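Here is how the chains run, residue by residue.
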Amino acid sequence: MSALLRIEDVSVHFPVRKGVLQRQVAEVRAVDSVTLSLEKGEAFGLVGESGCGKTTLARTVLRLVDPTSGAIWFDGQNISGLRGKALAPYRRRVAAIFQDPFSSLNPRMTSGQTLREVLKVNGYPGDIPARVAELLTICGLAPRFAELYPHEMSGGQRQRVGIARALALDPELIVCDEAVSALDVSIQAQIINLLEELRVKFGLTYLFIGHDLSVVRHLCDRIAVMYLGRIMETGTSAELFDTPRHPYTRALIDAVPAPDPVGEEAREHVALKGEIPSPLDPPSGCVFHTRCPIAMDRCRAEVPGLTRLGGHHAAACFALETTAGTPAKKE
Ligand SMILES: Nc1ncnc2c1ncn2[C@@H]1O[C@H](COP(=O)(O)OP(=O)(O)OP(=O)(O)O)[C@@H](O)[C@H]1O
Ligand SMILES: [Mg+2]
C-alpha cells in the first residue's frame with residue numbers, strides 16, 4: 001500500500017476583520033499543523049466535537065479552502081498550489097458526499113438530470129443515459145428513480161443519489177463529511193453498508209468525517225481524533241477504541257453509551273469539564289489542557305507532538321512520555 005493522500009503540516013487560519021478598513025483583528029485557528037496520510041483503499045475516519053475543524057480540513061482537501069500553510073499531496077503530486085484549470089484532473093479524481101443531500105441536490109432537478117449534468121459538464125465519453133442507470137443501480141436504486149425529484153424521495157434514497165453523483169466520474173478518493181449523520185439509525189446502517197461495499201468494489205479511499213464514534217469505528221480502518229484544530233491521537237480503530245491513550249480520546253469514548261451496562265460500570269470514567277475554548281483564542285501549550293483531568297504545568301507552556309506508541313498508534317500528550325517507555329503493562 002502507498003499513500004494516496006498526504007496532508008502535510010496543514011494549517012488553516014481564517015482572518016477576522018472589522019471596521020471600514022476591514023483591518024484584521026484576530027484569526028480563527030480552524031486547523032493547526034495537521035499531518036495525516038491516507039493509504040490507497042483505506043477508510044480513514046476523522047472525529048471530534050463540533051467546531052474542531054473537520055469540515056475545514058475536508059474543504060481544504062477538496063481545494064475549496066486554501067491552506068494558510070502546509071501542503072496537500074495526492075498520488076505524489078502537490079496539489080495545494082494548483083489553481084483554475086490545473087485543478088481539473090484532481091477534481092475528477094476526488095469527490096465528496098455531504099451531510100444533507102437535500103441542500104446539496106438541486107430541488108428542481110430529477111436524479112437523472114443531476115447525474116446527466118455531472119457527466120456532461122465533465123465530458124463523459126460514454127453513453128450517458130446508460131451510465132446514469134448504472135450509477136443508480138450501483139447505489140441500490142431502481143432506474144425509475146431517475147425520474148424523481150429530491151422531495152419525492154426519502155432521506156436514505158436522496159443520500160444514495162448523492163453517492164451516485166460522487167461516483168459518476170470514477171473517483172479514487174471520496175471525502176464524506178457527516179454523510180450519514182442526518183439519517184435515521186437503521187438507514188445509517190444501510191448507507192454505511194453501501195459505502196463499505198463500494199469501497200471494496202471500486203478500490204475507493206475514504207476520508208470519513210463523523211461525530212458518531214460507533215459509525216466511524218464500524219467503517220474505518222484508521223481514525224484520527226481532532227480537538228481545536230489539532231490531531232490529539234491517531235491509530236487503527238482497535239488501537240483507538242481498545243487502548244485510547246489521550247485523555248481527550250478517553251473522554252470521547254466514555255461519552256458513547258455502552259451496549260453492555262455491566263462493563264460500563266467497571267470502566268474508569270473520564271468526564272470532560274468545561275466548554276470547548278474558542279478557536280479565536282486557543283489555550284497556550286496543549287490546547288486540551290483547560291479541560292484535561294491530568295494536565296501538568298508543562299502542558300500550559302509547550303505544545304506536545306505526536307508520540308509514536310507502536311503500530312499505527314500515536315498520541316499528542318506529555319503524560320505519555322513518562323509512561324510510553326514503560327514495558328510490561330499491556331496496552
Ligand atoms: N469561512 C470561515 N471563516 C471563518 N471561520 C470559519 C470559517 N469556516 C469555519 N470557520 C470556523 O472554524 C472552526 C472550525 O469549523 P469547522 O466547520 O471546520 O468545524 P467542524 O469540526 O466541521 O464542526 P461540526 O462538527 O459542527 O461540523 C469553527 O470555529 C468555525 O466557526
Ligand atoms: Mg463540519
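Keep in mind that what you see is a predicted model, and the values were worked out from it rather than measured. (Residues numbered from 1 in each chain as written. Chains lettered and ligands numbered in written order. Predicted model: local features only at pLDDT ≥ 70, side-chain atom pairs only at ≥ 80, totals over all residues. Heavy atoms only, no water.)

Observations concerning the overall build of the protein
Move 1: Within the protein, the secondary structure is distributed over 13 helices and 12 strands.
Move 2: Against the compact-globule benchmark of 20 Å for 331 residues, the protein has a radius of gyration of 21 Å, which places it among compact chains.
Move 3: Over its C-alpha atoms, taken along the principal directions, the protein stretches across nearly 65 × 60 × 40 Å.
Move 4: Residues classed as buried in the protein amount to 49% of the 331 residues present.
Move 5: Restricting the contact set of the protein to residue pairs at least 6 apart, pairs at least 24 apart contribute 63%.
Move 6: Looking at the protein, you have 37 positive and 38 negative side-chain charges, and the mean spots of the two groups are 6 Å apart. (Helix = DSSP H or I, 4+ residues; strand = E, 2+ residues; numbered from the N terminus. Rg over C-alpha atoms; globule rule 2.2 N^0.38 Å. Buried < 20%, exposed > 50% of the residue type's maximum accessible area, 1.4 Å probe, protein only. Contact = heavy atoms within 4.5 Å. Lys, Arg positive; Asp, Glu negative; His and termini not counted. Charge placed at Lys NZ, Arg CZ, Asp CG, Glu CD.)

Considering the site of ligand 1
Move 1: Around ligand 1, the structure places Phe14, Val28, Ala30, Glu49, Ser50, Gly51, Cys52, Gly53, Lys54, Thr55, Thr56 and Pro279.
Move 2: Gly51 places a main-chain nitrogen or oxygen 2.7 Å from an oxygen atom of ligand 1.
Move 3: Lys54 places a side-chain nitrogen or oxygen 2.8 Å from an oxygen atom of ligand 1.
Move 4: When contributions to the shell around ligand 1 are tallied by element, the ones reaching two or more residues are β2 (23-39) and α1 (54-61).
Move 5: Considering each element in turn, the shell around ligand 1 owes the most residues, three residues, to α1.
Move 6: A breakdown of the residues in the shell around ligand 1 according to their chemical character gives five nonpolar, five polar and two charged. (Near = heavy atom within 4 Å. Polar contact = N/O pair within 3.5 Å; in protein donor to acceptor, adjacent residues only side chain to side chain. Nonpolar A, V, L, I, M, F, W, Y, C, P; charged D, E, K, R; others polar.)

Here we look at the packing of helix α4 (residues 111-121) against helix α5 (residues 128-138)
Move 1: It is the contact of α4 with α5, at a shortest axis distance of 10 Å, that shows an interaxial angle of 120 degrees. In this view, α4 runs oblique relative to α5, as classed from their interaxial angle. α5 is crossed by α4, and the crossing has right-handed handedness. Here α4 contributes Gly112, Leu115, Arg116, Leu119 and Lys120 to the contact with α5, which in turn contributes Ile128, Arg131, Val132, Leu135 and Leu136.
Move 2: Of the residues in the contact of α4 with α5, the class split is six nonpolar, one polar and three charged. (Axes fitted to C-alpha atoms, helices over the stretch in contact; angles between N-to-C directions. Parallel < 35°, antiparallel > 145°, perpendicular 65-115°, else oblique. Left-handed = near helix turned anticlockwise from the far one by under 90°.)

A look at the packing of aromatic side chains
For any pair of aromatic rings, geometry is given as the distance between the ring centres together with the angle between the planes.
Move 1: The final tally for this structure, using the stated rule, is four aromatic pairs.
Move 2: Positioned above the aromatic ring of Phe145, the side-chain terminus of Arg144 is 4.6 Å from the ring centre. (Phe/Tyr/Trp six-rings, centres within 6.5 Å; stacked < 30°, edge-to-face > 60°. Lys NZ or Arg CZ within 6 Å of the ring centre and 35° of its normal.)

Quick notes on the sheet that holds strand β12 (residues 314-315)
Move 1: The mixed open sheet is built from eight strands, whose spatial order is β6-β7-β8-β3-β9-β10-β12-β11. Among the strands making up the open sheet, the edge pair consists of β6 (94-97) and β11 (307-308).
Move 2: Sheet topology note: the strand β7 (residues 173-177)/strand β8 (residues 205-209) ladder contains five bridges and is parallel. Considered in β8, the bridge of Val175 is made with Leu207.
Move 3: Relative to the sheet, helix α7 (residues 185-202) contacts β3 (43-47), β6 and β8, its axis offset from that of β8 by approximately 155 degrees.
Move 4: Strands β3, β9 (222-227) and β10 (230-236) of the sheet are contacted by helix α10 (residues 247-254), whose axis makes an angle of about 105 degrees with β9. (Pairing = 2+ DSSP bridges.)

Brief notes about the packing of helix α6 (residues 155-167) against α7
Any two packed helices are characterised by the angle at which their axes cross and by the distance between the axes.
Move 1: Running from N to C, α6 and α7 cross one another at 20 degrees; their axes reach a closest spacing of 10 Å. If you check the angle between α6 and α7, you find them roughly parallel. Considering only the axes of α6 and α7, their crossing is right-handed. Taking contact as the criterion, the partners of Gly156, Gln159, Arg160, Ile163 and Leu167 in α6 are, on α7, Ile187, Gln190, Ile191, Leu194, Leu195 and Leu198.
Move 2: Grouping the amino acids of the contact of α6 with α7 by side-chain chemistry returns seven nonpolar, three polar and one charged.

Let's talk about the pattern of salt bridges
Move 1: Scanning all chains against the criterion turns up 17 salt bridges.
Move 2: Glu8 is the partner of Arg6 in a salt bridge, and the nearest nitrogen-oxygen pair spans 3.2 Å.
Move 3: Residue class for Glu8 comes out partly exposed when judged on its relative accessible area of 31%.
Move 4: Here the salt bridges share partners, and the residues they tie into one network are Glu27, Arg29, Asp32 and Arg230. (Salt bridge = Lys/Arg side-chain N within 4 Å of Asp/Glu carboxyl O.)

Some remarks on the pairing of strand β4 (residues 69-74)
Move 1: Both strand β1 (residues 3-18) and β4 contribute to a ladder of five bridges, which runs antiparallel. From the neighbouring strand, Ile7 faces β4, where its bridge partner is Ile72.
Move 2: Both β4 and strand β5 (residues 77-78) contribute to a ladder of two bridges, which runs antiparallel. Paired with Phe74 across the two strands is Gln77, which belongs to β5.
Move 3: Hairpin connection from β4 to β5: two residues lie between these consecutive antiparallel strands, with Asp75 at a positive phi of about 50 degrees.

Quick notes on the side chain of Gln159
Move 1: Relative to the assigned elements, Gln159 resides in helix α6.
Move 2: Since its relative accessible area comes to 2%, Gln159 is described here as buried.
Move 3: Not counting chain neighbours up to four residues away, the residues in contact with Gln159 comprise Ile97, Phe98, Gln99, Pro101, Ala179, Leu183 and Ile191.

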